[in-house]
Amino acid sequence: MKNNNPAGKKTEHSRLLQMVEEIEDYAILTLDRDGNIVNWNKGAEKIKGYNAAEIIGKNFRLFYSAEDLQNQHPDQLIQIAIKDGKVSDEGWRIRKNGTRFWASVVINAIYDETGEVIGFVKVTRDLTSKMLADKALKKHAHDLEVKNKELEQFVYIASHDLQEPLLTVQNFVDLLQEEYGDRFDEDARMYFSYITQSTLRMQNLIKGLLDYSRIGRKKILSEIFIDQLLDIVCLDLKVRIDYAGAEITYRNMPIIMGYEIELRQLFQNLISNAVKFRKRDVAPRVDITARSIADGWEFAVKDNGIGIAPEHADKIFLIFQRLNNREAYEGSGIGLANCKKIAEMHNGTIWVESAPGQGSTFYFTIQI
Ligand code: ADP
């Protein structure tokens, strides 16, 4: 039903005004064309600290800092609102008690029937806690990044410098063996073999650390045909694959954006583990698949090997963590830590689903 009753219209209008006045989370005020305050709601009182009686008639420039006033910031906002009909802004404003709050402001122009600007509606939100939380989060992320870089630098320098004395030990062990080897008795020969094995192992560990710290140093993003990349990986692993009688299958692999050298290393580690941790007397079968996910790809490398107990599923991605003894399965325990770092470089994650004796499926995502 059409309401032509002007009195009815008036009550509707005053009800609306009443509603605006009651709103507490937003400061909603009207200004005349010069920026003098005409209306003031509860939210404005709560956020800025003035009550209606003491603020109505004053100019909205009161809320701005001396610096903003010097830069004529409020006048610029008014000018934009007149020109464009609307302006938004964020910044520090001053409360009645002199404290600051972070304001998110929208100013809309009000027009008369002829289209002339006669004033403004200004809506302000106090986003101080959100702004401080955002700032703290940013600082935390920045600190973490700095710490991470320092740590990587430390690992790099430490592993690099550790190589030197180790090489000296190795050289003198070789010299001793060469020059005095024929005078060694059985025990001395055995001790020497332990020293040689340990230095070799330490050399491998240090090299592993150095390689780990180098991942992602020179990132080159490119288009990668995963089919072709896997062809190369399988060729590189051919001797091991043939020796184990392994069968590696993959088809319909996607073309993705990624870091090629690192992705090659990731697949190489997963495939060589799938072949290495095989069951005795069972030929390894490794099936690689890919599926499209919301913002990238999920790859799965499934094997029929010895499997992993669920309680170890997270541990294996940490550096130097191994589940089997060195005699049964060689390795330094750094491969999956590298894979994790590479997946994370691609904004992805890596995880395993497995059970002892049931084979394992390693999943990783690429979200670039
Ligand atoms: P490495 O292979 O040098 O031992 P990794 O970091 O590649 O080191 O793997 C860590 C450990 O996770 C391995 O020592 C092994 O115990 C376990 N693991 C990795 N891949 C597999 C797999 N496909 N099947 C069973 N166990 C695995």
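Residues numbered from 1 in each chain as written. Predicted model: local features only at pLDDT ≥ 70, side-chain atom pairs only at ≥ 80, totals over all residues. Heavy atoms only, no water.

(A) Representation of the site of the ligand within the structure. The environment of the ligand is made up of 21 residues, and the closest members are N273, D303, R322, N324 and L336. Between an oxygen atom of the ligand and a side-chain N or O atom of N324, the distance comes to 2.7 Å. In the complex, 97% of the free accessible area of the ligand, which totals 530 Å², lies under the protein chains. Because more than half of its atoms lie within 2 Å of the grid, the ligand is assigned to the largest pocket. Mapped onto the shell around the ligand, the elements with two or more residues apiece are α10 (260-276), α11 (335-345) and β12 (360-366). Tallying contributions element by element places α10 first for the shell around the ligand, with three residues. Taken together, the residues of the shell around the ligand break down into nine nonpolar, nine polar and three charged. (Near = heavy atom within 4 Å. Polar contact = N/O pair within 3.5 Å; in protein donor to acceptor, adjacent residues only side chain to side chain. Areas by Shrake-Rupley, 256 points an atom, 1.4 Å probe, with all protein chains shown as cover. 1 Å grid on protein atoms, 1.4 Å probe; cavity = no way out; pocket = protein on both sides within 12 Å on 5 of 7 lines; lining within 4 Å. Sits in = over half its atoms within 2 Å of the grid points. Helix = DSSP H or I, 4+ residues; strand = E, 2+ residues; numbered from the N terminus. Nonpolar A, V, L, I, M, F, W, Y, C, P; charged D, E, K, R; others polar.)

(B) The pattern of salt bridges, seen in detail. Across all of its chains, the model carries 20 salt bridges by this definition. A salt bridge links D75 to R61; the nearest nitrogen and oxygen atoms lie 2.6 Å apart. Of this pair, D75 sits in helix α5 (residues 73-84) while R61 sits in the loop between α3 (52-55) and α4 (66-70), and the two are 14 residues apart along the sequence. Look at D75 and you get partly exposed, because its relative accessible area is 26%. Here K238 makes a salt bridge to D242, at a shortest N to O gap of 2.6 Å. A residue pair is termed a helical-turn pair when its members lie 3 or 4 positions apart in one helix, as K238 and D242 do in helix α9 (residues 238-244) at four residues. (Salt bridge = Lys/Arg side-chain N within 4 Å of Asp/Glu carboxyl O. Buried < 20%, exposed > 50% of the residue type's maximum accessible area, 1.4 Å probe, protein only.)

(C) Quick peek at the packing of aromatic side chains. In total, this model carries eleven aromatic pairs according to the counting rule given. Ring geometry for Y50 and F63: centres 6.1 Å apart, planes at 55°, overall tilted. Of this pair, Y50 sits in the loop between α2 (42-48) and α3 while F63 sits in the loop between α3 and α4; the two residues are 13 residues apart in sequence, bridging distant segments of the chain. Under the relative-accessibility criterion, Y50 is labelled buried at 12%. Aromatic side chains W351 and Y363 sit 5.3 Å apart centroid to centroid with 15° between the ring planes, which places their arrangement in the stacked category. Highlighted residues: W351 in strand β11 (residues 350-354) and Y363 in strand β12, separated in sequence by twelve residues. (Phe/Tyr/Trp six-rings, centres within 6.5 Å; stacked < 30°, edge-to-face > 60°.)

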